[in-house]
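# Descriptive structure summary
What follows is the residue order along each chain.
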Amino acid sequence: MEERKVLFSAIQPSGILTIGNYLGALRNFKKLQNDYDSIFSVADLHTLTVRQDPAVLRKNVYELAALYLACGIDPQKSILFVQSHVSAHAELTWILNTICYPGELSRMTQFKEKSKSHEDNINMGLMDYPVLMASDILLYQTDIVPVGADQKQHLELSRDIAIRFNNRFGDVFKVPDGYIPKTAARVMSLQEPSKKMSKSDANFNAFISMDDDPDTVRRKFKRAVTDSDNRIIFSEDKPGISNLLTIYSAVCDKTIEDAEKEFENCGYGDFKSKVGDAVAAVIEPIRQEKNKLLASKDYLDYVLKDGAYKAEKIAYKTLFKVYKKVGLVPRKR
Ligand code: AQP
């Protein structure tokens, strides 16, 4: 029988997820877990690269774990775990740091953007983020990594790091491929449609949170920035309308062309409220399921403990190969 391929994906518990995280990543996982040996992580170590309130971070870890499950991750089929529960991630990062260079890390778009938005805290972790991400992926001998378009550059660096290590020390890592969704790979901010939608945006009207109730969703879409030409078409010079069309077509599983036709004779006001209704209809059942799961903390702890145990077994196998290749003496048992 042919061996199943491995899928790995991680999301940061850096706030309540947005419809961007959902459309770009999460919503594809339910289906993909049937075709791949799937490993999903709550990337809490990554989140520390930006200042966090410890109590809020702890809460967000559970929020994200519950959201994964509410979106259809089945712990019987997939591994779900918290990154810091498997120390191999931090350990491999140290080794990979020794073959990565400040020049290549400081060139990363996310590092440059986050350095601007967190001027008072440009820490080493922020620059090292892609190396930790490479460790996450490479520890599991991953074949595919489903990500939104914003993570493409980091994924390419992970591939480079794997190839570099293999060339220098001998084959250890599988070189992973990205899996970028055909639609909604880059959902934009509702207030500044030239910028991607982010959960840590200081302007709450800029994103639809997976925790927004239907009234809030509708209200935020009503306030979404558009333009004054009143035509609902997808076009580079209409970033606001194009973003709304993208979101609508993704949540309704329609093509952009079909969505354009549907709204041919519609005004912006009507269009925005239809987009709001469609999005609310998709996220409301997920929100309710997530809240139900959050009430069963013991169950979440059980899933995460079991997930960490399974993840650790795979991760350490790779880490010990790496230690051996670079010349570290194994500890005697
Ligand atoms: N706007 C987006 N459109 C499509 N996909 C997106 N993703 C993020 N934003 C969009 C994808 O969601 C997954 C999880 O992302 P993450 O939380 O690990 O990191 P991120 O890319 O930094 O997401 P945010 O929301 O922008 O977080 P903050 O604000 O904390 O930096 C990834 O697959 C990502 O591509």
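This report concerns the structure included in the present document. Just so you know, these numbers come straight off a predicted model, no measurement behind them.

## Examining the packing of helix α1 (residues 19-32) against helix α10 (residues 239-252)
For any two helices packed against each other, the geometry comes down to the angle between their axes and how far apart the axes lie. Taken N-terminus to C-terminus, the directions of α1 and α10 make an angle of 45 degrees; their axes are 11 Å apart at the nearest point. Accordingly, the angle class assigned to the pair α1 and α10 is oblique. Our pair here, α1 against α10, has a crossing hand that is left-handed. On α10, the residues that touch Ile19, Leu23 and Arg27 of α1 are Ile247, Ala250 and Val251.

## With respect to the packing of aromatic side chains
The full count for this structure, using the stated rule, is twelve aromatic pairs. Relative to phenylalanine 169, the ring of phenylalanine 165 has its centre 4.8 Å away and its plane inclined at 40 degrees; by these criteria the two rings are tilted. On the criterion of helical spacing, the pair formed by phenylalanine 165 and phenylalanine 169 is a turn pair, its members being four residues apart in helix α8 (residues 152-169). Ring pairing ties together the aromatic residues Phe8, Phe81 and Tyr140, which thus form one cluster. A cation sits over an aromatic face here: lysine 297 above tyrosine 62, 4.4 Å from the ring centre.

## Some details on the site of the ligand
Close to the ligand lie 22 residues; Lys114, Asp150, Ser198, Lys199 and Ser200 are nearest. For the ligand, an oxygen atom lies 2.3 Å from a polar atom in the side chain of lysine 199. Serine 200 has a polar side-chain atom sitting 2.4 Å from an oxygen atom of the ligand. Taking 640 Å² as the accessible area of the ligand by itself, protein coverage stands at 97%. When atom positions are compared with the pocket grids, the ligand is found to occupy the largest pocket.

## Comments concerning the environment of glutamate 284
Tracing the backbone through its elements, the reader meets glutamate 284 in helix α12 (residues 268-294). A C-alpha to C-alpha distance of 8.1 Å links glutamate 284 and aspartate 212, two positions 72 residues apart in sequence. Those residues in contact with glutamate 284, other than ones at most four positions away along the chain, are Asp212, Asp213 and Pro214.

## Let's talk about the packing of helix α4 (residues 88-97) against helix α7 (residues 124-138)
The interhelical angle for the contact between α4 and α7, taken along N-to-C directions, is 120 degrees, at an axis separation of 8 Å. Between α4 and α7, the angle falls in the class oblique. In the crossing of α4 with α7, the sense of the turn from one axis to the other is right-handed. When α4 is examined against α7, the residues His89, Leu92, Thr93, Leu96 and Asn97 are found in contact with a partner set consisting of Asp128, Val131, Leu132, Ala134, Ser135, Asp136 and Leu138.

## Quick notes on the layout of surface pockets
By volume, the largest pocket is sized at about 1,300 Å³. As for the largest pocket, its lining consists of 49 residues, and the residues nearest its centre are Gln110, Lys114, Asp150, Lys196 and Ser198. Those elements that place two or more of their residues in the lining of the largest pocket are β1 (6-11), α1, α2 (44-47), α6 (109-117), α7, β4 (144-146) and α8. Grouping the constituent residues of the lining of the largest pocket by class yields 16 nonpolar, 22 polar and eleven charged.

Calculation criteria
- Residues numbered from 1 in each chain as written.
- Predicted model: local features only at pLDDT ≥ 70, side-chain atom pairs only at ≥ 80, totals over all residues.
- Heavy atoms only, no water.
- Axes fitted to C-alpha atoms, helices over the stretch in contact; angles between N-to-C directions.
- Helix = DSSP H or I, 4+ residues; strand = E, 2+ residues; numbered from the N terminus.
- Parallel < 35°, antiparallel > 145°, perpendicular 65-115°, else oblique.
- Left-handed = near helix turned anticlockwise from the far one by under 90°.
- Contact = heavy atoms within 4.5 Å.
- Phe/Tyr/Trp six-rings, centres within 6.5 Å; stacked < 30°, edge-to-face > 60°.
- Lys NZ or Arg CZ within 6 Å of the ring centre and 35° of its normal.
- Near = heavy atom within 4 Å.
- Polar contact = N/O pair within 3.5 Å; in protein donor to acceptor, adjacent residues only side chain to side chain.
- Areas by Shrake-Rupley, 256 points an atom, 1.4 Å probe, with all protein chains shown as cover.
- 1 Å grid on protein atoms, 1.4 Å probe; cavity = no way out; pocket = protein on both sides within 12 Å on 5 of 7 lines; lining within 4 Å.
- Sits in = over half its atoms within 2 Å of the grid points.
- Points joined across faces, edges and corners; volume = space filled by probe spheres on them.
- Nonpolar A, V, L, I, M, F, W, Y, C, P; charged D, E, K, R; others polar.

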